[in-house]
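Structural overview for review
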Amino acid sequence: MPTARPFAYNTGAGITGTTQVGNLAIGIPEVGFVATGLEWWNGPDEDLGYVIACEVPGDTQPTPIPGVSASVGFFRSSDLTEGSFIAMANQLADPLGGGPFASGSAANTWLNANGFWSSFVGGTGSTGATGFTVTLVESGANVVMTASGSLNINDLTLVASSTGPFGSGGIGVNSATWLISSGGQSAAQYTGFSSTPSNFGSGSGGPASSITGDIIGVVYNGAPPYILTVPVGYTTGTQLTASQTFANQSFASMGLVQGTYTYAWGSGANADSINVIVGGTGATGSTGGTGGTGGTGGTGDFNVTITQVGPDVVWSGSGSFNLDSLTLSGTQNIGSGLNAGSAIWAIGPLTTVRQYTGSMTFPATFGTSGSYPSPSSSGSTFGIIGGGPSRTLLVPDGYTSGSTISGTVTYANTTIAGMGLNSGTYVWSWGSGGSASTVVMTIS
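An account of the accompanying structure is given in this report. These numbers come from a predicted model, not from an experiment.

**Some words on the overall build of the chain**
The secondary structure content of the chain amounts to 3 helices and 33 strands. Here the chain holds 444 residues, and the buried ones make up 51% of them. Of the contacts formed within the chain by residues at least 6 apart in sequence, a portion of 70% connects residues at least 24 apart. If you sum the accessible surface of the chain, you get close to 17000 Å²; carbon and sulfur atoms cover 51% of it.

**Quick look at the pairing of strand 22 (residues 312–319)**
Of all 8 residues in strand 22, 7 are buried, a share of seventy percent or more. In this antiparallel pair of consecutive strands, strand 21 (residues 302–309) and strand 22, the connection spans 2 residues, and G310 shows a positive phi of 60°. Bridge count between strand 22 and strand 31 (residues 405–411): 7 bridges; the pairing is antiparallel. Bridging from a neighbouring strand, W315 pairs with V409 of strand 31.

**Some points on the sheet that holds strand 32 (residues 424–430)**
Pairing within the open sheet is mixed, and its 7 strands lie in the order 27-32-33-21-22-31-28. Looking at the sheet topology across the chains shown, the edges are occupied by strand 27 (360–361) and strand 28 (375–379).

**Quick look at the packing of aromatic side chains**
For the structure on display, the rule yields 19 aromatic pairs. With a centroid separation of 5.2 Å and an interplanar angle of 65°, the aromatic rings of F200 and Y261 are classed as edge-to-face. Of this pair, F200 sits in the loop between strand 13 (177–191) and strand 14 (206–207) while Y261 sits in strand 19 (residues 259–265), placing them 61 residues apart in sequence. Each member of the pair, F200 as well as Y261, carries the same accessibility label: buried. An aromatic cluster is defined as three or more aromatic residues linked by ring pairs; in this entry it consists of F302, W315, F321, W345, F366, F382, Y399, Y411, Y426, W428 and W430.

**Considering the nonpolar core**
L151, W178, I216, L228 and I274 are the most contacted members of the largest nonpolar core, which has 38 residues in total. In terms of residue count, the dominant contributor to this core is strand 13 (4 residues). Setting aside residues no more than four positions away along its own chain, I216 makes contact with F132, A147, L151, W178, L179, I180, L228, T229, V230, L240 and A242. Formed by 33 residues, the second largest nonpolar core is a distinct cluster that contains I306, L323, A343 and L421.

**A closer look at the environment of S118**
Note that S118 resides in strand 9 (residues 117–118). Residue classification places S118 among the buried positions, given a relative accessible area of 0%. Put simply, S118 and V21 are 97 residues apart on the chain and 9.7 Å apart in space, counted from C-alpha to C-alpha.

**Here's the deal with unusual backbone geometry**
Geometrically, the link from G164 to P165 is a cis peptide bond, its omega value of 5° lying close to zero. For P165, the position within the fold is in strand 12 (residues 157–172). Following P224, the chain continues into P225 via a peptide bond in cis, with omega recorded as 25°. Topologically, P225 is positioned in the loop between strand 16 (216–219) and strand 17 (227–231).

**Regarding helix 2 (residues 104–113)**
For an α-helix the count is 3.6 residues per turn, leaving residues at separations of three or four pointing the same way. Restricting attention to buried positions, one finds in helix 2 the residues G104, A107, N108, W110, L111 and N112. At the exit of helix 2 stands G115, carrying a positive phi of roughly 85°.

**So, helix 1 (residues 82–93)**
Relative to the 16 Å expected for 12 residues at 1.5 Å per residue, helix 1 spans 16 Å between its end C-alpha atoms, a close match to the ideal helical length. All of the buried residues in helix 1 are S84, F85, I86, M88, A89, L92 and A93. Of the surrounding secondary structure, the elements contacted by the buried residues of helix 1 are strand 5 (51–55), strand 8 (72–76), helix 2 and strand 9.

Criteria and cut-off values
Residues numbered from 1 in each chain as written. Predicted model: local features only at pLDDT ≥ 70, side-chain atom pairs only at ≥ 80, totals over all residues. Heavy atoms only, no water. Helix = DSSP H or I, 4+ residues; strand = E, 2+ residues; numbered from the N terminus. Buried < 20%, exposed > 50% of the residue type's maximum accessible area, 1.4 Å probe, protein only. Contact = heavy atoms within 4.5 Å. Areas by Shrake-Rupley, 256 points an atom, 1.4 Å probe, with all protein chains shown as cover. Pairing = 2+ DSSP bridges. Phe/Tyr/Trp six-rings, centres within 6.5 Å; stacked < 30°, edge-to-face > 60°. Core = buried A, V, L, I, M, F, W, Y, C linked by side-chain atoms within 4.5 Å. Expected span 1.5 Å × (residues − 1).

As structure tokens, this is what we get:
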């Protein structure tokens with residue numbers, strides 16, 4: 001899963017749940033900061049290179065969304081090496097009288113002092129978060145939970161260096177607790193979360209089967225505080241992997257609500273988080289072009305649902321596209337965003353996507369211009385944006401016609417009305433016969 005975070009041009013007071021560098025507000029973690037009236041933009045994928053963000057006070061920065069400009073700009077180094085970061089920093093600093101820099105730390109210090117933010121690890125502008133992701137997907141008749149990544153535990157408090165042994169793993173849906181454990185394992189435990197979810201839905205949860213990998217989880221003893229559970233002797237930065245299966249279950253039967261749920265802790269270089277992502281389906285292979293006309297009964301070849309989930313608005317998309325009647329027109333970088341007044345939208349982390357154009361029917365609008373907070377995205381990136389007299393379909397780079405994909409985006413602390421969205425069903429369609437394809441969006 002790509003690593004990215006939200007940014008906004010903020011000349012006012014600092015925003016709770018973010019860091020402020022110059023006139024830039026940076027969301028840490030990716031969700032969880034207070035709602036604002038600012039325009040937020042998801043930054044580039046930090047797994048591909050070091051990112052530098054800068055302010056654009058005149059709101060003239062071009063964006064992938066036609067007719068929309070931004071007050072934040074981004075640069076990314078060619079790879080995750082100190083040398084490539086220094087080279088990029090030197091290019092930015094030279095016109096301003098800075099550099100050349102002898103080290104990444106020196107470059108980062110200068111950038112921060114001059115209103116730039118960077119993801120370079122070791123400087124004051126970096127969070128140093130290593131990142132840990134837990135995904136739950138529907139795979140055939142089962143729900144599969146997979147955990148991977150590394151943790152920064154430097155700012156957590158050790159409460160037990162070795163406790164247990166623990167029984168087999170499971171999940172508490174209505175308490176946002178979970179443990180992946182094959183049984184008979186002891187673990188170390190830490191407290192000190194700064195924010196946690198309260199639940200993953202209304203279900204009670206239950207035990208898992210087919211458990212493999214390291215012991216890892218977030219639990220509590222009868223009631224919060226939440227406790228991070230890791231292998232005995234775990235040290236910051238050590239990679240962990242684990243998985244478990246809930247046989248003959250679905251999201252509906254388990255009472256799980258799709259979305260991203262974040263446990264966060266620490267600050268500065270020791271800030272870190274665990275993101276639990278509920279959503280999507282396991283790989284099922286190509287579905288092939290169905291040839292269906294779609295749009296009847298509120299479903300199509302690809303379906304997008306927009307729902308109010310507690311205090312947040314969640315967009316979820318899944319299905320397949322038939323590209324046979326469309327033409328590849330290029331690539332671009334894009335992440336989650338929308339313009340309801342023009343019926344254009346995208347779901348997914350900022351990444352490179354392919355553009356396909358052709359004759360397409362489409363709605364003129366699915367709402368009016370509204371405001372929305374920074375998106376928190378997961379899964380594949382896709383969408384439909386403007387392009388000449390018709391529309392342009394966006395699909396993941398390397399996508400093949402008929403392949404099933406899915407993705408979600410959560411807009412925290414807002415409402416469907418607040419985003420300017422109108423309830424209803426909206427259909428985009430192209431092709432005919434065996435090359436027909438439809439996208440059906442349902443706003444409820």
